[in-house]
Amino acid sequence: MGKVIVVTSGKGGVGKTTSTAALGAALAQGGAKVVVVDFDVGLRNLDLVMGAERRVVYDLVNVIQGDAKLTQALIRDKRLQTLYLLPASQTRDKDNLTAEGVEKVITALRKNFDWVICDSPAGIERGATLAMRHADVAIVVTNPEVSSVRDSDRIIGLLDSKTLKAERGEQMEKHLLLTRYDANRAERGDMLKVDDVLEILSIPLLGIIPESMDVLRASNVGAPVTLSDDRSPPALAYFDAARRLNGETIPVAVPGEKRGFFGKFFGRKAA
Amino acid sequence: MNIFRFFAKSDSAPAARERLQVLLAHERASVGDSDLVKILRDEIMAVIAKHMQIDSEKVSVKMERGAQVSTLAVDVEIPFDAGKKKKKAA
């Protein structure tokens, strides 16, 4: 049985889709069988970031409404044999997502994949709550910026109340992924510090992704950043985050932070 | 950042522009249900369903949308006892 992850944030534009693609590819590059699922019905973009936009035949809504079988809707990545995409519908609206339909799809995917990564739409409406509903693990994508942190706090509240796990009285496993972290601005003191965000949200840190041109470049060519340039700083940060998801303990490096000898040994504890 | 890697990279913006042009041309043309490739897909499936019980697992539909031409490939496995006629649509 695979694990279901929701990548969520509340706020738009913080890097959910980028992170879904990068982590999905990183896990698949490690040999796992991975499917990334776009829940943003009406405004899909995961297909574009994955470079599969020309190959979409059927989508999540088609599967839920019975127009297509799940196997027909899954698109296999051309670069990675074990990476698949289930696109969202571009033309229908979110009302076509039913709770029962989503449950059926997720249950089937869980049986066939090691990781099912659900890319949540922004907001806290139906699409977002359905994306998180069946998750075992939540990745809360946050920028070091006040409105993003506030929205993440709201989303954490929903993760602890509106998910199946929460309703069963179980603890939802939550991780913070800090994205678009700018070392220069942090050094000037113009950005919320990592420790500040961690203290406010008080969930364990999965990784810090530096602000980088490599992310834009990757989306331009339609490749997850871990595939387009696997030695770039954001790619390395995503690879580390993927390893932490797999249970490894690796200290989190803060981009640009100079660490002394002791700092290297007594570094920040990862998630 | 490594300076050699920086110079080794070519511009990615032209790729982005080209991908968007193709994608948006298709999306604008397919407002509602007027997408030809989609209509063909649905009607071909309907015709097959008229003559045999479709086992969705045995039907694969692939699309590739290009700037000038799109391709639609429908691959159907037709069991011997599905009917007298045996053919492969592509």
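Heads up: the structure comes first, above all this text.
Conventions used here
Residues numbered from 1 in each chain as written. Chains lettered and ligands numbered in written order. Predicted model: local features only at pLDDT ≥ 70, side-chain atom pairs only at ≥ 80, totals over all residues. Heavy atoms only, no water. Helix = DSSP H or I, 4+ residues; strand = E, 2+ residues; numbered from the N terminus. Buried < 20%, exposed > 50% of the residue type's maximum accessible area, 1.4 Å probe, protein only. Contact = heavy atoms within 4.5 Å. Buried area = accessible area lost by both parts, 1.4 Å probe. Salt bridge = Lys/Arg side-chain N within 4 Å of Asp/Glu carboxyl O. Polar contact = N/O pair within 3.5 Å; in protein donor to acceptor, adjacent residues only side chain to side chain. Nonpolar A, V, L, I, M, F, W, Y, C, P; charged D, E, K, R; others polar. Pairing = 2+ DSSP bridges. Axes fitted to C-alpha atoms, helices over the stretch in contact; angles between N-to-C directions. Phe/Tyr/Trp six-rings, centres within 6.5 Å; stacked < 30°, edge-to-face > 60°. Lys NZ or Arg CZ within 6 Å of the ring centre and 35° of its normal. Core = buried A, V, L, I, M, F, W, Y, C linked by side-chain atoms within 4.5 Å. Parallel < 35°, antiparallel > 145°, perpendicular 65-115°, else oblique. Left-handed = near helix turned anticlockwise from the far one by under 90°.

K.L.:
Could you clarify how one ought to interpret the overall build of chain B in this entry?
P.N.:
Helix and strand content of chain B: three helices and two strands. If you list the helices and strands of chain B from N to C, you get α-α-α-β-β. Residues classed as buried in chain B amount to 23% of the 90 residues present. By sequence separation, contacts in chain B at least 24 residues apart represent 41% of the contacts at least 6 residues apart.

K.L.:
How do you make sense of the interface of chain A and chain B when you look at a structure like this?
P.N.:
Where the parts come together, the accessible area they lose is often given as the size of the interface. Across the contact, 25 residues belong to chain A and 27 residues belong to chain B. For the pairing of chain A and chain B, the buried interface totals around 2,300 Å² over both sides, and the portion due to carbon and sulfur atoms is 45%. For the pair chain A and chain B, the number of links is three salt bridges. Summed over the shared surface of chain A and chain B, the result is eleven residue pairs in polar contact (both at pLDDT 80 or more). Of all the elements in the fold, those that place two or more residues in the side of chain A that touches chain B are α4 (70-73) and α11 (213-221) of chain A. At five residues, α11(A) tops the list of elements feeding residues into the side of chain A that touches chain B. For the side of chain A that touches chain B, a count of residues per class yields six nonpolar, nine polar and ten charged.

K.L.:
Where do I start with the side chain of T163(A) in this structure?
P.N.:
Looking at the secondary structure, you find T163(A) in the loop between α7 (146-159) and α8 (164-167). For T163(A), a relative accessible area of 0% puts it in the buried group.

K.L.:
How should the sheet that holds strand β1 (residues 3-8) of chain A be read in this particular structure?
P.N.:
Sheet strands pair by backbone hydrogen bonding; their relative direction is either parallel or antiparallel. Residue and element names in this part refer to chain A. Strand order in the open sheet made by the eight strands is β3-β4-β2-β5-β1-β6-β7-β8, with mixed pairing throughout. Two strands close off the open sheet at either side, each with one partner strand: β3 (75-76) and β8 (205-210). In this structure, strand β2 (residues 34-38) lies alongside strand β4 (residues 83-86), joined through four bridges in parallel fashion. In the strand pairing of β4, V35 is matched with Y84. The strands touched by helix α13 (residues 233-245) within the sheet are β1, β5 (115-119), β6 (137-142), β7 (173-181) and β8, with β8 carrying the most contacts at an inclination of about 170 degrees.

K.L.:
Would you mind showing me how to read the pairing of β5(A) here?
P.N.:
Remark: a regular strand shows side chains that alternate across the two faces of the sheet. Residues and elements named next belong to chain A. Most of β5 sits out of view: five of its five residues are buried. Here β5 shows a buried face lined by W115, I117 and D119 and a second buried face lined by V116 and C118. Across five bridges, β1 lies against β5 in parallel orientation. The residue bridging I5 from the neighbouring strand is I117, located in β5. Strand direction decides the pairing type here: β2 and β5, joined by five bridges, are parallel. By the bridge assignment for β5, V34 is matched with W115.

K.L.:
Would you take a moment to explain the packing of aromatic side chains for this structure?
P.N.:
The description of two aromatic rings rests on the distance between their centres and on the angle between their planes. All names here are of chain A. Scanning the entire structure with this criterion turns up one aromatic pair over all chains. Consider the rings of Y84 and F113, whose centres lie 5.4 Å apart with planes at 70 degrees: the pair is edge-to-face. One end of the pair, Y84, is in strand β4; the other, F113, is in the loop between α5 (99-112) and β5, and 29 residues separate them in sequence. The same class applies to Y84 as to F113, namely buried. Between the NZ or CZ atom of K33 and the centre of the ring of F113, over which it lies, the distance is 4.8 Å.

K.L.:
Looking at this model, I keep getting lost on the nonpolar core. Mind explaining?
P.N.:
Generally speaking, a soluble globular protein has its nonpolar side chains buried in company with each other. Core analysis: the biggest nonpolar cluster contains 63 residues, and V35(A), F39(A), L86(A), L97(A), L109(A) and V116(A) have the highest contact counts within it. Counting residues in each nonpolar core, the second largest holds 37 residues, with V56(A), V137(A), L177(A) and A241(A) among its members.

K.L.:
What is the right way to look at the packing of helix α1 (residues 16-29) of chain A against α13(A) in this model?
P.N.:
Think of two packed helices as two axes; the pair is described by the angle between the axes and how far apart they sit. All names here are of chain A. Direction vectors running N to C along α1 and α13 enclose 65 degrees, while the axes themselves pass 9 Å from each other. Viewed along their axes, α1 and α13 adopt a mutual orientation that is roughly perpendicular. At the point where α1 passes α13, the crossing takes the right-handed sense. Taking contact as the criterion, the partners of T18, S19, A22, L23, A26, L27 and Q29 in α1 are, on α13, Y238, F239, A241, A242 and L245.

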